[in-house]
Amino acid sequence: MKHVDVLVVGGGVAGCIFALTCPSELDVMVIDKKNCDSSYGFEKPCGGLLSDDAQKSLAKLGLTLPLSVLVNPQIFAVKTMDANSNLTRFYQRFYINIHRHRFDCWLASLIKDKVTYVSDSLVINIQHKDDHSIVTYKTNNQTMDVSCTTLIGADGAASIVRKSFTNKPIRQYLAIQEHAKAKDIQAQLSCFFDGSITNSYGWASVKDDSLIYGVALPLDQTQSRFDKFKEMIKSYNIPIDEVIKKEACLVNCPSSPFQIVNGQNNVVLIGEAAGFVSPSSLEGISYAMDSAILASKSFQNNTFTLKKYRKLTFKLKGKIALKNIKSIVLFTPWIRKLVLLSKIKSIRIETFK
């Protein structure tokens, strides 16, 4: 059986940034279920926006985005629509509009010469021993085993690594998203609130020739809620024609920093698997990068120190606690109405011929 120093389950943002920044002396293997060399297979459902925090994290790593990752258009404001109060406001935002799958594949390309990268593979079982873990995965119709001294879980909200050692609950939503042909629609980023559909929010944006719209839903009556969401956005004159594809995934949304799990013994969680996600916006890319970097810094003499990782992520958990307060403002209808009525930080869109 092959043995490596560090095994990373998940080659998304968190997994790739960890592999990119971890000590070079370590023998690292990354198992990823997507295949960047094929037009078929897993793609992460995502709104595909880089927040200013995510941009800052990339800048600190000295990384610059290739043009192939960007999509048209680049938008400088978000149109916020509240169905409960029937109010609409525009707010300036500094997002970069990206193609999420191409972004993930670009990150994967940065690590392929540094680590053993196994794509188009699925982890099916994990066993924890006293001083190592054994991971079983399927690749090319074969079942393989690999052991590791340190196991990194970077496998998102449905993390098999997290489930392998803890049953600590975390608040979750089901994000359902569809891609449709972008016909006769003004290119804009839209944000929707309707308490009768969800206590989170919905979104819509244009990416090249596609309209992408979705919503984070409580884990009950999801299809009927999504159907109602589609009817709502149609009422805002957003045409939905010729649906190309539909996708869904679980989304972690910690209601408290205490729902975040750093790890146990030789097992470490980073990114959304740990619970590092903004409760107010569900933004996870910046948290994935930041937690991955902190995990990389938690090695002492090439040995992972969980105590150090917990200490380093203390500020990140504090940031999530503040985002929880913000989420109360955003998702409480009467408070949100007051904020929209105040017009604080909103901008006026000028119309001209």
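Throughout what follows, the structure given in this document is the object of discussion. Bear in mind that the values here come from a model prediction, so they are computed numbers and not experimental data.

## Topic: the overall build of the protein chain
(1) Moving on: Scanning the protein chain from N- to C-terminus turns up 9 helices and 20 strands.
(2) Moving on: If you line up the protein chain on its principal axes, its C-alpha atoms span 65 × 40 × 40 Å.
(3) Moving on: Buried residues in the protein chain amount to 51% of all 353 residues.
(4) Moving on: A sequence separation of at least 24 residues applies to 70% of the contacts in the protein chain between residues at least 6 apart.
(5) Moving on: When the accessible surface of the protein chain is totalled, it reaches about 17,100 Å², and 52% of it is carbon and sulfur.
(6) Moving on: In the protein chain, which carries 44 positive and 31 negative side-chain charges, the distance between the mean positions of the two groups comes to 8 Å.

## Quick look at a nonpolar patch on the surface
(1) Moving on: A contiguous nonpolar patch, built from W334, L338 and L341 and spanning about 360 Å² of accessible area, is present on the exposed surface.
(2) Moving on: Inspection of the secondary structure puts L341 in helix 9 (residues 333-342).

## Let's talk about the pattern of salt bridges
(1) Moving on: With the rule as written, the count across this model stands at 10 salt bridges.
(2) Moving on: With its nearest N and O atoms 3.3 Å apart, the salt bridge here joins R225 to D220.
(3) Moving on: When its relative accessible area of 16% is taken as the criterion, R225 is described as buried.
(4) Moving on: With a shortest N-O distance of 3.7 Å, E231 and K234 are connected by a salt bridge. Of this pair, E231 and K234 both sit in helix 5 (residues 222-235), 3 residues apart, which is roughly one turn of that helix.
(5) Moving on: Given the relative accessible area of 37%, K234 is considered partly exposed.

## Focus: helix 2 (residues 52-60)
Since the α-helix turns once every 3.6 residues, residues separated by three or four places project in the same direction.
(1) Moving on: All buried positions along helix 2 are accounted for by A54, S57 and L58. One side of helix 2 carries all its buried residues, which in axial view fall inside an arc of 100 degrees. For helix 2, the exposed residues lying more than 90 degrees away from the buried face are K56, A59 and K60.
(2) Moving on: On its buried face, helix 2 sits against strand 3 (49-50), helix 3 (100-111) and helix 6 (285-296).
(3) Moving on: Two residues or fewer after helix 2 comes G62, characterised by a positive phi angle close to 75 degrees.

## Some thoughts on empty space enclosed by the protein
(1) Moving on: The full count for this structure, using the stated rule, is 1 cavity of 30 Å³ or more.
(2) Moving on: For the largest cavity, the calculated volume is near 70 Å³.
(3) Moving on: As for the largest cavity, its lining consists of L49, Q74, I75, A77, Y95, I96, N97, L189 and S205.
(4) Moving on: In terms of residue class, the lining of the largest cavity is built from 6 nonpolar, 3 polar and no charged.

## Some points on the packing of helix 1 (residues 13-21) against helix 3
Between two packed helices, what matters for the description is the angle formed by their axes and the separation of those axes.
(1) Moving on: Where helix 1 meets helix 3, the axes come as close as 9 Å, and the angle between the chain directions of the two elements is 20 degrees. The pairing of helix 1 with helix 3 is recorded here as roughly parallel in orientation. By crossing handedness, the relation of helix 1 to helix 3 is classed as left-handed. Facing V13, C16, I17, A19 and L20 of helix 1, the residues of helix 3 in contact are R100, F103, D104, L107, A108, L110 and I111.
(2) Moving on: Among the residues forming the contact of helix 1 with helix 3, the class breakdown is 10 nonpolar, no polar and 2 charged.

## A word on the packing of helix 6 against helix 8 (residues 314-331)
(1) Moving on: At a minimum axis separation of 11 Å, helix 6 and helix 8 run at an interaxial angle of 155 degrees. Regarding the angle of helix 6 to helix 8, the classification is roughly antiparallel. Along its contact with helix 6, which presents Y287, D290, S291 and L294, the element helix 8 presents L316, K319, I320 and K323.

## Here we look at the nonpolar core
(1) Moving on: Formed by 65 residues in total, the largest nonpolar core has its most connected members in L7, F18, F103, L151, I270 and Y309.
(2) Moving on: With 8 residues, the top contributor of residues to this core is helix 6.
(3) Moving on: If near-sequence neighbours (up to four positions away) are discounted, I270 is found in contact with A14, G15, F18, I152, G153, A154, S291, A292, A295 and Y309.

Rules used in this analysis
Residues numbered from 1 in each chain as written. Predicted model: local features only at pLDDT ≥ 70, side-chain atom pairs only at ≥ 80, totals over all residues. Heavy atoms only, no water. Helix = DSSP H or I, 4+ residues; strand = E, 2+ residues; numbered from the N terminus. Buried < 20%, exposed > 50% of the residue type's maximum accessible area, 1.4 Å probe, protein only. Contact = heavy atoms within 4.5 Å. Areas by Shrake-Rupley, 256 points an atom, 1.4 Å probe, with all protein chains shown as cover. Lys, Arg positive; Asp, Glu negative; His and termini not counted. Charge placed at Lys NZ, Arg CZ, Asp CG, Glu CD. Patch = residues over 30% accessible without salt bridge, like charges linked within 9 Å, V, L, I, M, F, W, Y side chains within 5 Å. Salt bridge = Lys/Arg side-chain N within 4 Å of Asp/Glu carboxyl O. Arc of directions from axis to C-beta. 1 Å grid on protein atoms, 1.4 Å probe; cavity = no way out; pocket = protein on both sides within 12 Å on 5 of 7 lines; lining within 4 Å. Points joined across faces, edges and corners; volume = space filled by probe spheres on them. Nonpolar A, V, L, I, M, F, W, Y, C, P; charged D, E, K, R; others polar. Axes fitted to C-alpha atoms, helices over the stretch in contact; angles between N-to-C directions. Parallel < 35°, antiparallel > 145°, perpendicular 65-115°, else oblique. Left-handed = near helix turned anticlockwise from the far one by under 90°. Core = buried A, V, L, I, M, F, W, Y, C linked by side-chain atoms within 4.5 Å.

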